[in-house]
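For reference, the chains in residue letters:
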Amino acid sequence: QVQLVESGGGLVQAGDSLRLSCAASGRTFSSYTMGWFRQAPGKEREFVATISASGATTYYADSVKGRFTISRDNAENTVYLQMNSLKPEDTAVYYCAARFGSGATYSARSQYAYWGQGTQVTVAS
């Protein structure tokens, strides 16, 4: 079992940067694939980025590729999402998710068993 707590959200202007953090509780964090998803008002929760258990492999949604970077620090049980060149369409509640297993990355909500409470990111124009 893993508990996840996101932080770092806030209100920023278009073009600004923001870094989200997800702190995980659990003894086997290094065995989990981690992901970031987001949900805007009136829309379904969508995939943003994922990183393998070792941190060696990452994958991004086309909408954020080149602007966002996912990373992890297994020694600190934390995964990050660095968001640069933010756009108003990035406005959403961002969720951290975990899936037990290594060797691959995953982009579907159903593939993750554990979720954080979310953190609000608002990008003003």
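*Asks:* Even after reading the chapter, I still don't get the overall build of the protein, so can you show me in this structure?
*Replies:* Broken down by element type, the protein carries zero helices and eleven strands. For the protein, the N- to C-terminal ordering of α and β elements is β-β-β-β-β-β-β-β-β-β-β. A principal-axis box enclosing the C-alpha atoms of the protein has dimensions of 40 × 25 × 25 Å. The buried share of the protein, taken over its 125 residues, is 45%. Residue pairs in contact within the protein that sit at least 24 positions apart in sequence constitute 60% of those at least 6 positions apart. A total of about 6,200 Å² of accessible surface is found on the protein, and carbon and sulfur atoms cover 44% of it. Computed over 11 positive and 9 negative side-chain charges, the inter-centroid distance for the protein is 5 Å.

*Asks:* Quick question: what am I supposed to make of the environment of serine 21 here?
*Replies:* Along the chain, the position of serine 21 falls in strand β3 (residues 18-25). Taking the relative accessible area as the measure of exposure, serine 21 reaches 16% and is therefore buried. When sequence neighbours within four positions are dropped, the list of residues in contact with serine 21 reads Val5, Glu6, Ser7, Trp36, Thr78, Val79 and Tyr80.

*Asks:* I keep staring at the side chain of threonine 78 and nothing clicks. Help me out?
*Replies:* Relative to the helices and strands, threonine 78 is located in strand β8 (residues 78-83). The contact partners of threonine 78, leaving out residues within four places of it in the chain, are Ser21, Cys22, Ala23, Phe29, Arg72 and Asp73.

*Asks:* Just to check I follow, could you spell out the packing of aromatic side chains for this structure?
*Replies:* Ring pairs (aromatic) are described by centroid distance and by the angle formed between their planes. Enumeration over the complete set of coordinates arrives at seven aromatic pairs. Here phenylalanine 37 and tyrosine 112 contribute two aromatic rings whose centre-to-centre distance is 5.4 Å and whose plane-to-plane angle is 75 degrees, an arrangement assigned as edge-to-face. In this pair, phenylalanine 37 sits in strand β4 (residues 32-39) while tyrosine 112 sits in the loop between β9 (92-100) and β10 (114-115), placing the two residues 75 residues apart along the sequence. Here tyrosine 112 falls in the buried class, since its relative accessible area comes to 5%. The side chain of arginine 72 reaches across the aromatic face of phenylalanine 29, ending 4.5 Å from its centre.

Definitions and cut-offs
- Residues numbered from 1 in each chain as written.
- Predicted model: local features only at pLDDT ≥ 70, side-chain atom pairs only at ≥ 80, totals over all residues.
- Heavy atoms only, no water.
- Helix = DSSP H or I, 4+ residues; strand = E, 2+ residues; numbered from the N terminus.
- Buried < 20%, exposed > 50% of the residue type's maximum accessible area, 1.4 Å probe, protein only.
- Contact = heavy atoms within 4.5 Å.
- Areas by Shrake-Rupley, 256 points an atom, 1.4 Å probe, with all protein chains shown as cover.
- Lys, Arg positive; Asp, Glu negative; His and termini not counted.
- Charge placed at Lys NZ, Arg CZ, Asp CG, Glu CD.
- Phe/Tyr/Trp six-rings, centres within 6.5 Å; stacked < 30°, edge-to-face > 60°.
- Lys NZ or Arg CZ within 6 Å of the ring centre and 35° of its normal.

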